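# Understanding the architecture of this molecule
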Amino acid sequence: MKAIFSVAAAAMALPAVALAKQSGEIPPQTPNPDAPRYNIVYIMTDDHTAQMLSAYDTRYAHTPNLDRLAQNNGVKFNNSFVANSLSGPSRACMITGKHSHGNGFYDNESGRPFDGSQPTFPKYLQSVGYNTALFGKWHLISNPTGFDTWRIVPEQGDYYNPRFINQDGSRSVEHGYLTNLITDYSLDWLENGRDKSKPFALLIHHKAQHRNWMADTCNLKLYEDKTFPLPENFFDDYEGRPAAEAAEMRIASPHDMDIVYDLKMLSTDSTKNTRLTKTYEAFVGRMDPEQRKAWDDFYNPIIKEFYDSKLEGKELAEWKFQRYIRDYLKTLKSLDDNVGRVLDYLEEHNLMDSTLVVYTSDQGFYMGEHGWFDKRFMYEESLNTPLLMHLPKGLNANGEINEMVQNIDYAPTFMEIAGANIPADIHGKSILPILRGEHPDNWRDAIYYHYYEYPAEHCVKRHYGVRTDRYKLMHFYNDIDRWELYDLQEDPTEMHNIYGQEGTEEITRMLRKRLHELQEEYDDPIRFKYPIKEN
Ligand code: SGN
Ligand code: CA
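Bear in mind the structure is a predicted one, so any value in this text is a computation, not a measurement.

## A few points about the coordination of the calcium ion (ligand 2)
In the first shell of the calcium ion (ligand 2), the protein supplies Asp46 (OD), Asp47 (OD), Asp362 (OD), Asp362 (OD) and Gln363 (OE1), at 2.1 to 2.7 Å from the metal. Around the calcium ion (ligand 2) sit six donor atoms, and with donor-metal-donor angles ranging over 52 to 171° the site reads as irregular.

Right, here's the structure in full:
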């Protein structure tokens, strides 16, 4: 769907980051002859949150294939974070190894394309002899660079009979369900497309689990007999958190979570049309008659029951929550099955011992926590992103990893594996030592976060912050000037903003100092606009 809000004005106000620094070719490489040069399969989904992955949380989802990744020669990261919890910006951080101000891609809605001439990890891998490919959601406006082969979906992509942008610049529409098709193209490249004399890096980028959670017809009937637990802070009153209160991502709100578009309650009575009915009609309008019949056969009885029941208030909010979780899980079933197809292929072709398989998402997501869906905030559910890896032979880490890692770390990790030279201006750190089973003493003790897309859909105000293993300090700025402080040990659901409270002076001072140091280390120009003074 097209952006509802224009952030052109806001985007113009963004610092014109050192654009000159971003451009440029890969410097001549002196490849490390001792590098392990594993193949890399990087599977990234959209909006798949750890609460909905059974390796992390068994309350809702059963994801046996994803869980398989972390079992036997696999690892699960318990402290895995993004640098900017929004699709395009997160992808730009991942591919460059730099925070948003370093790669110049701040937000989705301003329409400013990613500068594809800047160094990215696929280019480094290519330059040391890797064969590289990308299939699926890209979301960086400019066409991909650094890939020998690519095929992407325009913008957010379509679940059914999706449009594709092909490498030769042509566009096509393919019949089928997107999660299956992206996997088909990836497996076909592994089997028939790649240069088998070279190590490879394959990036499989799914649209699933992005809104509006349209499941494949074969999975529609799943989970209808299940009632899922509401998060304990579903009915949050946002006390002491004005930025949270201002956000427009409440499941209970008819404006925010659309009964037709999000929950598929399309009525033949046009007086029941909503803000997003037309968008929904366009989506289901992509289906062929057989797909549409299966869809209508499933949803029509639910639609009738829903409008007959005339639910209101808390009952309606809880009903919306249950439908949201069910649709999300039905969509997830395809994702888990398709990750299974990739693992099966790698196993059947004896590639598991030589291939690092990474599974992650472009960010986490709210599944009713604080009453929300969507992401963007530096609160835990959307700051976190799932991260599971199958490790090839020679990497001896096993089980759970507690070091704090961030999506800016993937690029330097892949570069080190390939034997490329990690550039000095990269922000991330290679996690290869951790994958070898080491616990480096000087590993980071805090992560930095910065979100920019405002004013925009969902109305999440700009903010930056620091998170340590126990505390989080955030500053919401722009049309607000509010600080928030959480003790994650005492208050893991972040309901009590203790900033300014008696007894927090020392920890606040320490966190402000750390925040300032990180802004200096990463050279974030925001520090000149909001200098952090000792309090
Ligand atoms: C779309 C969605 C939003 C979502 C953004 C960003 N609206 O605009 O709900 O926050 O994408 O998501 S929709 O009506 O088009 O579904 S992101 O994952 O791509 O960053
Ligand atoms: Ca996303």
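Additional details are given in the paragraphs that follow.
## Quick word on unusual backbone geometry
The omega torsion of the bond from Arg211 to Asn212 falls at 15°, within 30 degrees of zero and hence cis. With respect to the helices, strands and loops of the structure, Asn212 is situated in the loop between β8 (200-205) and α8 (242-246). Put simply, Tyr454 and Pro455 share a cis peptide bond, and its omega is 0°. Its place among the elements puts Pro455 in the loop between β13 (447-451) and β14 (463-467). Although it is not a glycine, Asn73 adopts a positive phi angle of roughly 55°. Along the chain, the position of Asn73 falls in the loop between α3 (64-70) and β2 (74-77). Assessed through its relative accessible area of 44%, Asn73 is described here as partly exposed. The phi dihedral of Tyr238 is positive, around 60°, even though this residue is not glycine.

## Quick word on the sheet that holds β2
Spatially, ten strands are ordered β7-β6-β5-β4-β8-β1-β9-β10-β2-β11 in an open sheet, and the strand pairing comes out mixed. Among the strands making up the open sheet, the edge pair consists of β7 (171-173) and β11 (399-401). Between one strand and the next, the sheet's axes are offset by a mean angle of 20°, whatever the strand orientation. Set on the sheet, helix α4 (residues 87-96) makes contact with β1 (39-45), β4 (131-137) and β8; between it and β1 the angle comes to about 165°. Contacts from helix α11 (residues 313-348) reach β1, β8 and β9 (355-361), with the element oriented near 175° to β1.

Cut-offs and rules
Residues numbered from 1 in each chain as written. Chains lettered and ligands numbered in written order. Predicted model: local features only at pLDDT ≥ 70, side-chain atom pairs only at ≥ 80, totals over all residues. Heavy atoms only, no water. Donors = N, O, S within 2.8 Å, 3.2 Å for Na, K, Ca; no water. Tetrahedral: all angles 85-135°; square planar, octahedral: opposite > 155°, others 65-115°. Helix = DSSP H or I, 4+ residues; strand = E, 2+ residues; numbered from the N terminus. Buried < 20%, exposed > 50% of the residue type's maximum accessible area, 1.4 Å probe, protein only. Pairing = 2+ DSSP bridges. Axes fitted to C-alpha atoms, helices over the stretch in contact; angles between N-to-C directions. Contact = heavy atoms within 4.5 Å.

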